[in-house]
Amino acid sequence: MAVNSMASVSPKPHNIGISRLFPGSMPVFLMLLMVAAYIILPMLATFLYSVSTRWTTHIVPDGYTLSHWFDGFADNRFRGALLRSLCLALVVALGEIILVVPAVYWQKVHNPGIKNILQLLAAIPLAIPILVIAFGLLQLSGDYMPAAQGTIGLVLIAQIAIAFPFVYWAIDNAMSSARVEHLAEAARTCGASELKTLWHVILPNIGPGIATGTLMAFGTSFNEVPLTQFLIGSRFETVQLYLLNMLRSSDADYNILAVMTIINFAVTLVLSVCVVWLNAGNFAKRKG
Amino acid sequence: MSVAQYAADNAKRGPETAPISPYLRWLTNWGPALPLIIIGIVMLVVPCALMIRQSFALPDGSGFTLANWVSLFESRSARTTILNSLLLSFSVATIALLVGGPLTWIISRMTRNWQALNLGLLTVANNFSGIGLAFGYVAALGSYGMITLALKMIGIDIIPPASSSFWGLTIAYEYGIVPMFVLLTLPSMALIRNEWWEACQCCGANRWQFWRYVGIPVLGPFLGASWILCFTWSMGLYGLPVALLGSSRPAFNLITLKMSRSMTGLLLGNQQMPVLAVLLMIIAICALTLYKIMLKRAGKWL
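Residues numbered from 1 in each chain as written. Chains lettered and ligands numbered in written order. Predicted model: local features only at pLDDT ≥ 70, side-chain atom pairs only at ≥ 80, totals over all residues. Heavy atoms only, no water.

(A) Summary view of the pattern of salt bridges. Residues and elements named next belong to chain A. Scanning all chains against the criterion turns up two salt bridges over all chains. In this structure, K108 and D172 form a salt bridge, with 3.4 Å as the shortest nitrogen-oxygen distance. Separated by 64 residues along the polypeptide, K108 in helix α4 (residues 76-109) and D172 in helix α7 (residues 152-178) bring together distant segments of the chain. D172 matches K108 in its accessibility class, with the two residues each being buried. (Salt bridge = Lys/Arg side-chain N within 4 Å of Asp/Glu carboxyl O. Helix = DSSP H or I, 4+ residues; strand = E, 2+ residues; numbered from the N terminus. Buried < 20%, exposed > 50% of the residue type's maximum accessible area, 1.4 Å probe, protein only.)

(B) Geometry of the interface of chain B and chain A. The partner chain A presents 100 residues to the 97 residues of chain B that form the contact. Roughly 8,900 Å² is buried in total at the junction of chain B and chain A, and carbon and sulfur atoms are behind 78% of that figure. A per-residue breakdown of the area chain B buries against chain A is headed by L36(B), F135(B) and M146(B), which together make up 9% of the total. Summed over the shared surface of chain B and chain A, the result is zero salt bridges. In terms of residues, the side of chain B that touches chain A owes the most to one element, helix α3 (residues 34-55) of chain B, which gives 16 residues. Looking at side-chain class alone, the side of chain B that touches chain A contains 68 nonpolar, 22 polar and seven charged residues. (Contact = heavy atoms within 4.5 Å. Buried area = accessible area lost by both parts, 1.4 Å probe. Nonpolar A, V, L, I, M, F, W, Y, C, P; charged D, E, K, R; others polar.)

(C) Summary view of the packing of aromatic side chains. Counted by the stated rule, this structure contains 16 aromatic pairs over all chains. Here Y38(A) and Y175(B) contribute two aromatic rings whose centre-to-centre distance is 5.9 Å and whose plane-to-plane angle is 50 degrees, an arrangement assigned as tilted. With one member in each of two chains, Y38(A) in helix α2 (residues 26-50) and Y175(B) in helix α9 (residues 166-185) form a pair that bridges those chains. When the ring of F166(B) is compared with that of W167(B), the centres are 5.0 Å apart and the planes differ by 90 degrees; the resulting orientation is edge-to-face. Aromatic ring contacts, followed pair by pair, group F56(B), F64(B), W69(B) and F73(B) into a single cluster. (Phe/Tyr/Trp six-rings, centres within 6.5 Å; stacked < 30°, edge-to-face > 60°.)

Scope: geometric values only; no functional claims are made or implied.
What follows is the structure, encoded as C-alpha coordinates:
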(Lines give C-alpha, C1' and ligand atoms only; values in the text may rest on other atoms or scores of the structure.)
Protein backbone atom coordinates (compact mmCIF):
# COMPACT_ATOMS: atom_id res chain seq x y z
CA MET A 1 0.00 0.00 0.00
CA ALA A 2 2.71 2.41 -0.86
CA VAL A 3 1.47 5.17 -3.01
CA ASN A 4 -2.22 4.70 -3.49
CA SER A 5 -2.95 8.20 -2.37
CA MET A 6 -0.88 9.56 -5.23
CA ALA A 7 -3.31 8.27 -7.81
CA SER A 8 -5.87 10.76 -6.66
CA VAL A 9 -3.73 13.86 -7.08
CA SER A 10 -3.13 13.56 -10.81
CA PRO A 11 -4.39 16.79 -12.33
CA LYS A 12 -6.08 16.78 -15.69
CA PRO A 13 -3.34 16.87 -18.31
CA HIS A 14 -3.35 19.22 -21.23
CA ASN A 15 -4.61 16.97 -23.88
CA ILE A 16 -1.89 16.34 -26.38
CA GLY A 17 -2.59 13.37 -28.63
CA ILE A 18 -0.07 10.69 -27.78
CA SER A 19 1.00 10.39 -31.37
CA ARG A 20 2.11 14.00 -31.51
CA LEU A 21 5.00 13.58 -29.14
CA PHE A 22 5.54 9.91 -29.78
CA PRO A 23 6.51 8.24 -33.02
CA GLY A 24 3.21 6.58 -33.96
CA SER A 25 0.81 4.76 -31.69
CA MET A 26 1.72 1.15 -32.53
CA PRO A 27 4.74 1.03 -30.19
CA VAL A 28 2.62 2.67 -27.51
CA PHE A 29 -0.04 0.01 -27.89
CA LEU A 30 2.58 -2.74 -27.79
CA MET A 31 4.13 -1.31 -24.66
CA LEU A 32 0.81 -1.15 -22.84
CA LEU A 33 0.06 -4.69 -23.94
CA MET A 34 3.39 -5.91 -22.58
CA VAL A 35 2.87 -4.15 -19.26
CA ALA A 36 -0.61 -5.60 -18.93
CA ALA A 37 0.73 -9.07 -19.74
CA TYR A 38 3.55 -8.63 -17.24
CA ILE A 39 1.06 -7.82 -14.51
CA ILE A 40 -1.62 -10.33 -15.41
CA LEU A 41 0.34 -13.44 -16.46
CA PRO A 42 1.73 -14.41 -13.04
CA MET A 43 -1.79 -14.10 -11.62
CA LEU A 44 -3.24 -16.15 -14.44
CA ALA A 45 -0.61 -18.84 -13.97
CA THR A 46 -1.33 -18.96 -10.24
CA PHE A 47 -5.06 -19.18 -10.84
CA LEU A 48 -4.68 -22.00 -13.34
CA TYR A 49 -2.41 -23.77 -10.88
CA SER A 50 -5.15 -23.58 -8.26
CA VAL A 51 -7.71 -25.28 -10.52
CA SER A 52 -5.55 -27.77 -12.38
CA THR A 53 -5.42 -31.50 -11.89
CA ARG A 54 -1.97 -32.02 -13.31
CA TRP A 55 0.22 -29.52 -15.07
CA THR A 56 3.39 -30.79 -16.60
CA THR A 57 4.42 -29.90 -20.09
CA HIS A 58 1.65 -27.93 -21.76
CA ILE A 59 0.93 -24.21 -21.65
CA VAL A 60 -2.41 -24.92 -20.03
CA PRO A 61 -3.11 -27.57 -17.38
CA ASP A 62 -3.96 -31.14 -18.37
CA GLY A 63 -7.33 -30.96 -16.60
CA TYR A 64 -9.38 -28.78 -14.31
CA THR A 65 -10.80 -29.33 -10.85
CA LEU A 66 -12.06 -27.35 -7.90
CA SER A 67 -10.84 -29.91 -5.41
CA HIS A 68 -7.86 -27.84 -4.28
CA TRP A 69 -10.24 -25.09 -3.21
CA PHE A 70 -12.34 -27.56 -1.22
CA ASP A 71 -9.21 -29.16 0.25
CA GLY A 72 -7.90 -25.76 1.26
CA PHE A 73 -11.04 -24.76 3.07
CA ALA A 74 -11.30 -28.17 4.69
CA ASP A 75 -7.83 -27.70 6.18
CA ASN A 76 -7.73 -26.22 9.68
CA ARG A 77 -4.39 -24.54 9.23
CA PHE A 78 -5.55 -22.89 5.99
CA ARG A 79 -8.84 -21.64 7.47
CA GLY A 80 -7.07 -20.49 10.62
CA ALA A 81 -4.52 -18.41 8.76
CA LEU A 82 -7.18 -16.78 6.63
CA LEU A 83 -9.43 -16.04 9.59
CA ARG A 84 -6.57 -14.67 11.72
CA SER A 85 -5.42 -12.38 8.92
CA LEU A 86 -8.89 -11.04 8.23
CA CYS A 87 -9.64 -10.41 11.92
CA LEU A 88 -6.27 -8.78 12.56
CA ALA A 89 -6.64 -6.51 9.53
CA LEU A 90 -10.18 -5.59 10.55
CA VAL A 91 -9.15 -4.67 14.09
CA VAL A 92 -6.16 -2.69 12.80
CA ALA A 93 -8.41 -0.75 10.43
CA LEU A 94 -10.99 0.00 13.13
CA GLY A 95 -8.36 0.95 15.69
CA GLU A 96 -6.80 3.23 13.15
CA ILE A 97 -10.03 5.16 12.62
CA ILE A 98 -10.71 5.41 16.36
CA LEU A 99 -7.23 6.85 16.95
CA VAL A 100 -6.70 9.03 13.89
CA VAL A 101 -10.07 10.75 13.47
CA PRO A 102 -10.11 12.52 16.88
CA ALA A 103 -6.43 13.42 16.58
CA VAL A 104 -6.80 15.04 13.16
CA TYR A 105 -10.05 16.70 14.22
CA TRP A 106 -8.31 18.24 17.23
CA GLN A 107 -5.42 19.33 15.02
CA LYS A 108 -7.76 21.10 12.61
CA VAL A 109 -10.06 22.70 15.14
CA HIS A 110 -8.03 23.38 18.30
CA ASN A 111 -4.31 22.90 18.05
CA PRO A 112 -2.46 23.17 14.71
CA GLY A 113 0.75 22.30 16.57
CA ILE A 114 -0.29 18.64 16.51
CA LYS A 115 0.24 18.61 12.76
CA ASN A 116 4.04 18.80 12.91
CA ILE A 117 4.30 15.82 15.22
CA LEU A 118 1.83 13.71 13.25
CA GLN A 119 3.57 14.47 9.98
CA LEU A 120 6.93 13.53 11.41
CA LEU A 121 5.54 10.27 12.77
CA ALA A 122 3.85 9.56 9.43
CA ALA A 123 7.17 9.86 7.59
CA ILE A 124 8.87 7.13 9.63
CA PRO A 125 7.12 3.95 8.41
CA LEU A 126 7.54 5.02 4.80
CA ALA A 127 11.21 5.94 5.06
CA ILE A 128 12.58 3.39 7.51
CA PRO A 129 12.24 -0.26 6.43
CA ILE A 130 9.62 -2.06 8.52
CA LEU A 131 12.18 -4.78 9.21
CA VAL A 132 14.28 -2.27 11.18
CA ILE A 133 11.24 -1.24 13.20
CA ALA A 134 10.38 -4.90 13.82
CA PHE A 135 13.84 -5.62 15.26
CA GLY A 136 13.76 -2.44 17.31
CA LEU A 137 10.42 -3.49 18.77
CA LEU A 138 11.73 -6.95 19.52
CA GLN A 139 14.57 -5.38 21.45
CA LEU A 140 12.23 -2.92 23.18
CA SER A 141 9.78 -5.57 24.31
CA GLY A 142 12.59 -7.87 25.38
CA ASP A 143 14.34 -5.24 27.49
CA TYR A 144 11.55 -3.09 28.86
CA MET A 145 8.15 -4.70 28.28
CA PRO A 146 8.56 -8.43 28.83
CA ALA A 147 4.82 -8.78 29.40
CA ALA A 148 4.12 -7.56 25.87
CA GLN A 149 6.72 -9.77 24.22
CA GLY A 150 5.30 -12.25 21.74
CA THR A 151 1.71 -11.10 22.25
CA ILE A 152 -0.82 -10.41 19.56
CA GLY A 153 -1.49 -7.02 21.18
CA LEU A 154 2.01 -5.85 20.39
CA VAL A 155 1.68 -6.92 16.74
CA LEU A 156 -1.68 -5.19 16.55
CA ILE A 157 -0.42 -1.86 17.90
CA ALA A 158 2.75 -2.07 15.81
CA GLN A 159 0.65 -2.61 12.67
CA ILE A 160 -1.51 0.36 13.59
CA ALA A 161 1.66 2.44 13.86
CA ILE A 162 2.97 1.44 10.43
CA ALA A 163 -0.35 1.77 8.59
CA PHE A 164 -1.05 5.14 10.16
CA PRO A 165 0.44 7.41 7.42
CA PHE A 166 -2.11 6.26 4.80
CA VAL A 167 -5.02 6.75 7.16
CA TYR A 168 -3.64 10.08 8.33
CA TRP A 169 -3.37 11.49 4.82
CA ALA A 170 -6.74 10.18 3.72
CA ILE A 171 -8.50 11.69 6.73
CA ASP A 172 -6.47 14.90 6.70
CA ASN A 173 -7.41 15.45 3.03
CA ALA A 174 -11.06 14.65 3.68
CA MET A 175 -11.23 17.01 6.65
CA SER A 176 -9.54 19.80 4.70
CA SER A 177 -11.94 19.55 1.79
CA ALA A 178 -14.95 19.32 4.14
CA ARG A 179 -13.68 22.44 6.00
CA VAL A 180 -14.24 20.90 9.40
CA GLU A 181 -13.20 24.07 11.26
CA HIS A 182 -16.28 25.83 9.93
CA LEU A 183 -18.51 22.83 10.56
CA ALA A 184 -17.23 22.55 14.12
CA GLU A 185 -17.79 26.24 14.76
CA ALA A 186 -21.32 26.07 13.43
CA ALA A 187 -22.05 23.02 15.54
CA ARG A 188 -20.66 24.70 18.64
CA THR A 189 -22.81 27.77 18.02
CA CYS A 190 -25.80 25.47 18.09
CA GLY A 191 -24.61 24.13 21.43
CA ALA A 192 -23.34 20.70 20.37
CA SER A 193 -20.65 19.05 22.49
CA GLU A 194 -17.34 17.95 20.96
CA LEU A 195 -18.40 14.32 20.86
CA LYS A 196 -21.75 15.16 19.32
CA THR A 197 -20.07 17.37 16.74
CA LEU A 198 -17.64 14.61 15.82
CA TRP A 199 -20.31 11.93 15.59
CA HIS A 200 -23.17 13.80 13.93
CA VAL A 201 -21.41 16.50 11.90
CA ILE A 202 -17.80 15.61 11.10
CA LEU A 203 -18.02 11.86 10.48
CA PRO A 204 -20.87 12.05 7.92
CA ASN A 205 -18.90 14.68 6.01
CA ILE A 206 -15.65 12.76 5.68
CA GLY A 207 -17.08 9.39 4.65
CA PRO A 208 -14.93 8.73 1.58
CA GLY A 209 -11.76 9.71 3.44
CA ILE A 210 -12.57 7.27 6.25
CA ALA A 211 -13.39 4.55 3.73
CA THR A 212 -10.10 5.04 1.87
CA GLY A 213 -8.14 5.07 5.12
CA THR A 214 -9.84 1.93 6.41
CA LEU A 215 -9.21 0.03 3.19
CA MET A 216 -5.55 1.01 3.10
CA ALA A 217 -5.00 0.10 6.73
CA PHE A 218 -6.71 -3.24 6.09
CA GLY A 219 -4.49 -3.88 3.06
CA THR A 220 -1.31 -2.91 4.88
CA SER A 221 -2.08 -5.24 7.75
CA PHE A 222 -3.17 -8.08 5.45
CA ASN A 223 0.06 -7.97 3.43
CA GLU A 224 2.43 -7.23 6.31
CA VAL A 225 5.25 -9.72 6.94
CA PRO A 226 8.21 -8.72 9.15
CA LEU A 227 6.31 -7.43 12.20
CA THR A 228 4.16 -10.54 12.43
CA GLN A 229 7.04 -12.86 11.69
CA PHE A 230 9.48 -11.47 14.24
CA LEU A 231 7.15 -10.28 16.99
CA ILE A 232 4.94 -13.36 17.25
CA GLY A 233 6.04 -15.84 14.60
CA SER A 234 4.35 -19.13 13.96
CA ARG A 235 2.17 -18.88 17.07
CA PHE A 236 -0.06 -16.57 15.04
CA GLU A 237 0.17 -17.74 11.45
CA THR A 238 -1.30 -15.15 9.09
CA VAL A 239 -1.90 -15.60 5.36
CA GLN A 240 1.51 -14.10 4.55
CA LEU A 241 3.31 -16.35 7.05
CA TYR A 242 1.37 -19.35 5.77
CA LEU A 243 2.51 -18.57 2.24
CA LEU A 244 6.07 -18.03 3.38
CA ASN A 245 6.24 -21.22 5.45
CA MET A 246 4.64 -23.29 2.68
CA LEU A 247 6.87 -21.83 0.00
CA ARG A 248 9.93 -22.75 2.05
CA SER A 249 8.90 -26.20 3.16
CA SER A 250 9.83 -29.10 0.94
CA ASP A 251 6.59 -31.09 1.16
CA ALA A 252 4.19 -28.21 0.48
CA ASP A 253 1.07 -28.78 -1.58
CA TYR A 254 1.63 -26.25 -4.33
CA ASN A 255 -1.95 -26.36 -5.54
CA ILE A 256 -3.26 -25.30 -2.13
CA LEU A 257 -0.50 -22.71 -1.96
CA ALA A 258 -1.88 -21.37 -5.26
CA VAL A 259 -5.40 -21.22 -3.78
CA MET A 260 -4.16 -19.12 -0.86
CA THR A 261 -2.17 -16.87 -3.21
CA ILE A 262 -5.30 -16.25 -5.26
CA ILE A 263 -7.29 -15.41 -2.12
CA ASN A 264 -4.52 -13.03 -1.08
CA PHE A 265 -4.60 -11.50 -4.53
CA ALA A 266 -8.40 -11.22 -4.55
CA VAL A 267 -8.41 -9.38 -1.22
CA THR A 268 -5.76 -6.98 -2.51
CA LEU A 269 -7.64 -6.54 -5.79
CA VAL A 270 -10.93 -5.68 -4.09
CA LEU A 271 -9.24 -3.21 -1.73
CA SER A 272 -7.27 -1.53 -4.53
CA VAL A 273 -10.26 -1.23 -6.83
CA CYS A 274 -12.32 0.31 -4.01
CA VAL A 275 -9.58 2.81 -3.21
CA VAL A 276 -9.12 3.83 -6.86
CA TRP A 277 -12.88 4.07 -7.26
CA LEU A 278 -13.30 6.16 -4.10
CA ASN A 279 -10.51 8.49 -5.16
CA ALA A 280 -11.88 8.83 -8.67
CA GLY A 281 -15.29 9.64 -7.19
CA ASN A 282 -13.79 12.32 -4.98
CA PHE A 283 -11.86 13.74 -7.85
CA ALA A 284 -14.91 13.96 -10.10
CA LYS A 285 -16.92 15.56 -7.30
CA ARG A 286 -14.26 18.21 -6.71
CA LYS A 287 -14.03 18.94 -10.42
CA GLY A 288 -17.77 19.16 -10.80
CA MET B 1 -11.40 34.75 18.56
CA SER B 2 -14.79 34.59 16.91
CA VAL B 3 -17.93 35.45 18.81
CA ALA B 4 -19.22 31.94 18.50
CA GLN B 5 -16.02 30.45 19.85
CA TYR B 6 -16.02 32.92 22.73
CA ALA B 7 -19.60 32.07 23.58
CA ALA B 8 -18.90 28.37 23.36
CA ASP B 9 -15.80 28.63 25.53
CA ASN B 10 -17.75 30.55 28.13
CA ALA B 11 -20.53 28.03 28.09
CA LYS B 12 -18.01 25.26 28.59
CA ARG B 13 -16.24 26.87 31.51
CA GLY B 14 -19.45 27.79 33.26
CA PRO B 15 -20.17 31.06 34.97
CA GLU B 16 -17.61 30.95 37.76
CA THR B 17 -14.58 30.55 35.36
CA ALA B 18 -11.92 29.22 37.66
CA PRO B 19 -8.37 29.74 36.31
CA ILE B 20 -7.33 26.63 34.39
CA SER B 21 -4.15 24.97 35.58
CA PRO B 22 -1.39 24.70 32.98
CA TYR B 23 -1.60 20.91 33.09
CA LEU B 24 -5.27 20.95 32.28
CA ARG B 25 -4.71 23.47 29.52
CA TRP B 26 -1.98 21.27 28.06
CA LEU B 27 -4.27 18.28 28.28
CA THR B 28 -7.08 20.13 26.51
CA ASN B 29 -4.67 21.18 23.77
CA TRP B 30 -3.28 17.73 23.14
CA GLY B 31 -5.70 15.26 24.72
CA PRO B 32 -7.49 13.60 21.80
CA ALA B 33 -4.27 13.29 19.82
CA LEU B 34 -2.24 11.86 22.70
CA PRO B 35 -3.04 8.14 22.25
CA LEU B 36 -1.93 8.28 18.62
CA ILE B 37 1.20 10.30 19.40
CA ILE B 38 2.18 7.94 22.22
CA ILE B 39 1.70 4.88 20.02
CA GLY B 40 3.70 6.55 17.27
CA ILE B 41 6.58 7.40 19.57
CA VAL B 42 6.71 4.04 21.35
CA MET B 43 6.23 1.92 18.21
CA LEU B 44 8.21 3.96 15.68
CA VAL B 45 10.67 6.37 17.28
CA VAL B 46 11.85 4.30 20.24
CA PRO B 47 12.67 1.16 18.15
CA CYS B 48 14.80 3.24 15.79
CA ALA B 49 16.56 4.93 18.69
CA LEU B 50 17.21 1.52 20.29
CA MET B 51 18.76 0.23 17.07
CA ILE B 52 21.09 3.22 16.93
CA ARG B 53 22.06 2.71 20.58
CA GLN B 54 22.61 -1.02 20.02
CA SER B 55 24.90 -0.40 17.08
CA PHE B 56 27.34 1.35 19.43
CA ALA B 57 26.92 -1.00 22.39
CA LEU B 58 29.21 -3.70 23.74
CA PRO B 59 27.95 -7.30 23.41
CA ASP B 60 26.26 -7.09 26.81
CA GLY B 61 24.28 -4.05 25.68
CA SER B 62 26.11 -1.43 27.72
CA GLY B 63 28.95 1.02 27.08
CA PHE B 64 30.00 2.70 23.90
CA THR B 65 32.17 1.26 21.17
CA LEU B 66 32.78 1.59 17.47
CA ALA B 67 33.86 -2.04 17.25
CA ASN B 68 30.55 -3.20 15.73
CA TRP B 69 30.88 -0.77 12.86
CA VAL B 70 34.54 -1.59 12.31
CA SER B 71 33.94 -5.33 12.35
CA LEU B 72 31.05 -4.99 9.89
CA PHE B 73 33.10 -3.11 7.36
CA GLU B 74 36.07 -5.40 7.86
CA SER B 75 34.02 -8.48 7.14
CA ARG B 76 34.17 -9.42 3.49
CA SER B 77 30.79 -11.12 3.43
CA ALA B 78 29.14 -8.06 4.99
CA ARG B 79 30.71 -5.81 2.38
CA THR B 80 29.48 -8.08 -0.40
CA THR B 81 26.01 -8.09 1.13
CA ILE B 82 25.84 -4.29 1.28
CA LEU B 83 27.16 -4.04 -2.28
CA ASN B 84 24.58 -6.59 -3.46
CA SER B 85 21.73 -4.62 -1.90
CA LEU B 86 22.96 -1.36 -3.40
CA LEU B 87 23.47 -2.89 -6.86
CA LEU B 88 20.10 -4.61 -6.85
CA SER B 89 18.25 -1.46 -5.77
CA PHE B 90 20.19 0.59 -8.30
CA SER B 91 19.30 -1.67 -11.20
CA VAL B 92 15.69 -2.04 -10.04
CA ALA B 93 15.20 1.73 -9.75
CA THR B 94 16.94 2.40 -13.06
CA ILE B 95 14.84 -0.11 -14.97
CA ALA B 96 11.76 1.35 -13.27
CA LEU B 97 12.84 4.76 -14.57
CA LEU B 98 13.46 3.53 -18.12
CA VAL B 99 10.19 1.60 -18.34
CA GLY B 100 8.11 3.71 -15.99
CA GLY B 101 9.04 7.09 -17.46
CA PRO B 102 7.59 6.53 -20.95
CA LEU B 103 4.73 4.51 -19.46
CA THR B 104 3.77 7.38 -17.17
CA TRP B 105 3.84 9.75 -20.10
CA ILE B 106 1.53 7.51 -22.14
CA ILE B 107 -0.88 7.06 -19.23
CA SER B 108 -0.93 10.79 -18.49
CA ARG B 109 -2.17 11.46 -22.01
CA MET B 110 -4.99 8.93 -21.98
CA THR B 111 -8.68 9.64 -21.70
CA ARG B 112 -10.09 9.52 -18.17
CA ASN B 113 -11.50 5.99 -18.42
CA TRP B 114 -8.41 4.40 -19.91
CA GLN B 115 -6.34 6.16 -17.31
CA ALA B 116 -8.53 4.81 -14.51
CA LEU B 117 -8.25 1.27 -15.88
CA ASN B 118 -4.47 1.44 -16.12
CA LEU B 119 -4.07 3.07 -12.73
CA GLY B 120 -6.27 0.39 -11.20
CA LEU B 121 -4.10 -2.34 -12.71
CA LEU B 122 -0.91 -0.66 -11.52
CA THR B 123 -2.26 -0.08 -8.02
CA VAL B 124 -3.10 -3.76 -7.71
CA ALA B 125 0.38 -4.75 -8.87
CA ASN B 126 1.97 -2.26 -6.51
CA ASN B 127 0.03 -3.64 -3.56
CA PHE B 128 0.56 -7.26 -4.45
CA SER B 129 4.34 -7.23 -4.50
CA GLY B 130 4.79 -9.45 -1.44
CA ILE B 131 5.07 -13.14 -0.71
CA GLY B 132 2.06 -14.04 -2.84
CA LEU B 133 3.87 -12.61 -5.82
CA ALA B 134 6.80 -14.90 -5.15
CA PHE B 135 4.55 -17.85 -5.87
CA GLY B 136 3.01 -16.17 -8.91
CA TYR B 137 6.52 -15.56 -10.18
CA VAL B 138 7.52 -19.18 -9.81
CA ALA B 139 4.25 -20.33 -11.41
CA ALA B 140 4.83 -18.07 -14.42
CA LEU B 141 8.59 -17.93 -14.83
CA GLY B 142 9.94 -20.91 -12.92
CA SER B 143 11.45 -23.81 -14.79
CA TYR B 144 7.95 -25.37 -15.08
CA GLY B 145 6.19 -22.01 -15.18
CA MET B 146 3.55 -21.10 -17.70
CA ILE B 147 5.64 -18.60 -19.65
CA THR B 148 8.68 -20.86 -19.65
CA LEU B 149 6.60 -23.74 -21.04
CA ALA B 150 4.96 -21.44 -23.59
CA LEU B 151 8.34 -20.27 -24.84
CA LYS B 152 9.50 -23.86 -25.07
CA MET B 153 6.43 -24.79 -27.09
CA ILE B 154 7.05 -22.16 -29.73
CA GLY B 155 10.61 -23.36 -29.96
CA ILE B 156 12.42 -20.75 -27.88
CA ASP B 157 14.34 -22.75 -25.34
CA ILE B 158 15.07 -19.93 -22.93
CA ILE B 159 15.01 -20.57 -19.23
CA PRO B 160 14.27 -17.29 -17.47
CA PRO B 161 16.77 -16.24 -14.80
CA ALA B 162 16.39 -18.32 -11.65
CA SER B 163 14.34 -16.61 -8.96
CA SER B 164 17.33 -16.66 -6.63
CA SER B 165 19.69 -14.89 -9.03
CA PHE B 166 20.37 -11.19 -9.37
CA TRP B 167 18.28 -10.77 -12.52
CA GLY B 168 15.56 -13.06 -11.24
CA LEU B 169 15.17 -10.86 -8.19
CA THR B 170 15.28 -7.74 -10.35
CA ILE B 171 12.40 -8.99 -12.51
CA ALA B 172 10.36 -9.88 -9.43
CA TYR B 173 11.03 -6.51 -7.78
CA GLU B 174 9.96 -4.59 -10.88
CA TYR B 175 6.47 -6.02 -10.52
CA GLY B 176 5.82 -3.69 -7.62
CA ILE B 177 8.37 -0.96 -8.26
CA VAL B 178 7.42 0.02 -11.85
CA PRO B 179 3.81 0.71 -10.80
CA MET B 180 5.10 2.62 -7.80
CA PHE B 181 7.26 4.74 -10.09
CA VAL B 182 4.29 5.49 -12.35
CA LEU B 183 1.99 6.43 -9.46
CA LEU B 184 4.65 8.70 -7.99
CA THR B 185 5.55 10.44 -11.24
CA LEU B 186 2.13 10.78 -12.84
CA PRO B 187 1.18 14.16 -11.30
CA SER B 188 4.31 15.84 -12.69
CA MET B 189 3.52 14.83 -16.29
CA ALA B 190 0.78 17.47 -16.47
CA LEU B 191 3.54 20.10 -16.44
CA ILE B 192 4.48 19.49 -20.07
CA ARG B 193 2.25 21.78 -22.07
CA ASN B 194 0.89 21.35 -25.52
CA GLU B 195 2.01 24.87 -26.45
CA TRP B 196 5.65 24.05 -25.75
CA TRP B 197 5.67 21.34 -28.39
CA GLU B 198 3.97 23.70 -30.84
CA ALA B 199 6.53 26.40 -30.07
CA CYS B 200 9.32 23.90 -30.61
CA GLN B 201 7.86 22.88 -33.94
CA CYS B 202 7.71 26.54 -35.00
CA CYS B 203 11.42 26.75 -34.30
CA GLY B 204 11.97 23.69 -36.44
CA ALA B 205 12.73 21.27 -33.63
CA ASN B 206 12.04 17.60 -34.03
CA ARG B 207 10.58 15.28 -31.43
CA TRP B 208 13.94 14.17 -30.14
CA GLN B 209 15.11 17.74 -29.72
CA PHE B 210 11.92 18.62 -27.88
CA TRP B 211 12.53 15.90 -25.31
CA ARG B 212 16.26 16.58 -25.15
CA TYR B 213 16.02 20.32 -24.53
CA VAL B 214 12.57 20.87 -23.03
CA GLY B 215 10.79 17.73 -21.82
CA ILE B 216 13.58 15.94 -19.97
CA PRO B 217 15.04 19.07 -18.28
CA VAL B 218 11.61 19.99 -16.93
CA LEU B 219 10.67 16.48 -15.81
CA GLY B 220 14.21 15.47 -14.81
CA PRO B 221 14.07 16.41 -11.13
CA PHE B 222 10.69 14.69 -10.73
CA LEU B 223 11.95 11.54 -12.43
CA GLY B 224 15.07 11.67 -10.29
CA ALA B 225 13.04 12.09 -7.12
CA SER B 226 10.90 9.06 -7.98
CA TRP B 227 14.06 7.10 -8.79
CA ILE B 228 15.37 7.86 -5.31
CA LEU B 229 12.19 6.70 -3.61
CA CYS B 230 12.14 3.47 -5.63
CA PHE B 231 15.80 2.90 -4.78
CA THR B 232 15.17 3.33 -1.05
CA TRP B 233 12.03 1.25 -1.10
CA SER B 234 13.75 -1.70 -2.75
CA MET B 235 16.65 -1.51 -0.27
CA GLY B 236 14.22 -2.20 2.55
CA LEU B 237 12.09 -4.89 0.88
CA TYR B 238 11.90 -8.05 2.92
CA GLY B 239 8.93 -10.30 2.13
CA LEU B 240 9.60 -10.91 -1.54
CA PRO B 241 13.35 -11.68 -1.31
CA VAL B 242 12.96 -13.90 1.75
CA ALA B 243 10.30 -15.90 -0.09
CA LEU B 244 12.37 -16.20 -3.28
CA LEU B 245 15.78 -16.76 -1.73
CA GLY B 246 14.79 -18.77 1.31
CA SER B 247 16.46 -18.62 4.67
CA SER B 248 19.23 -21.14 4.17
CA ARG B 249 22.46 -19.74 2.79
CA PRO B 250 21.44 -18.27 -0.55
CA ALA B 251 23.86 -17.68 -3.39
CA PHE B 252 22.86 -14.06 -3.29
CA ASN B 253 22.76 -12.20 0.00
CA LEU B 254 20.98 -8.97 0.88
CA ILE B 255 21.07 -6.63 3.87
CA THR B 256 17.52 -7.41 4.93
CA LEU B 257 18.07 -11.16 4.66
CA LYS B 258 21.30 -11.00 6.58
CA MET B 259 19.53 -9.06 9.32
CA SER B 260 16.77 -11.62 9.59
CA ARG B 261 19.25 -14.49 9.66
CA SER B 262 21.39 -12.92 12.35
CA MET B 263 18.16 -12.67 14.34
CA THR B 264 17.29 -16.32 14.02
CA GLY B 265 20.84 -17.03 15.15
CA LEU B 266 22.12 -18.90 12.13
CA LEU B 267 24.92 -16.50 11.47
CA LEU B 268 27.16 -13.87 13.10
CA GLY B 269 26.88 -12.38 16.53
CA ASN B 270 23.84 -10.23 17.05
CA GLN B 271 26.10 -7.21 17.14
CA GLN B 272 26.20 -6.72 13.37
CA MET B 273 22.44 -6.66 12.96
CA PRO B 274 21.85 -3.25 14.59
CA VAL B 275 24.65 -1.80 12.49
CA LEU B 276 22.97 -3.06 9.31
CA ALA B 277 19.67 -1.64 10.56
CA VAL B 278 21.25 1.75 11.20
CA LEU B 279 22.91 1.58 7.78
CA LEU B 280 19.48 1.13 6.20
CA MET B 281 18.18 4.04 8.25
CA ILE B 282 21.05 6.29 7.16
CA ILE B 283 20.46 5.41 3.50
CA ALA B 284 16.75 6.11 3.92
CA ILE B 285 17.29 9.48 5.60
CA CYS B 286 19.89 10.58 3.00
CA ALA B 287 17.56 9.52 0.20
CA LEU B 288 14.62 11.42 1.67
CA THR B 289 16.69 14.57 2.12
CA LEU B 290 17.86 14.30 -1.46
CA TYR B 291 14.25 13.71 -2.53
CA LYS B 292 13.11 16.91 -0.83
CA ILE B 293 15.95 18.92 -2.38
CA MET B 294 15.14 17.59 -5.86
CA LEU B 295 11.44 18.35 -5.54
CA LYS B 296 12.30 21.87 -4.41
CA ARG B 297 14.46 22.32 -7.49
CA ALA B 298 11.72 20.88 -9.65
CA GLY B 299 9.23 23.23 -8.05
CA LYS B 300 10.80 26.31 -9.58
CA TRP B 301 9.04 25.50 -12.83
CA LEU B 302 5.63 25.45 -11.23
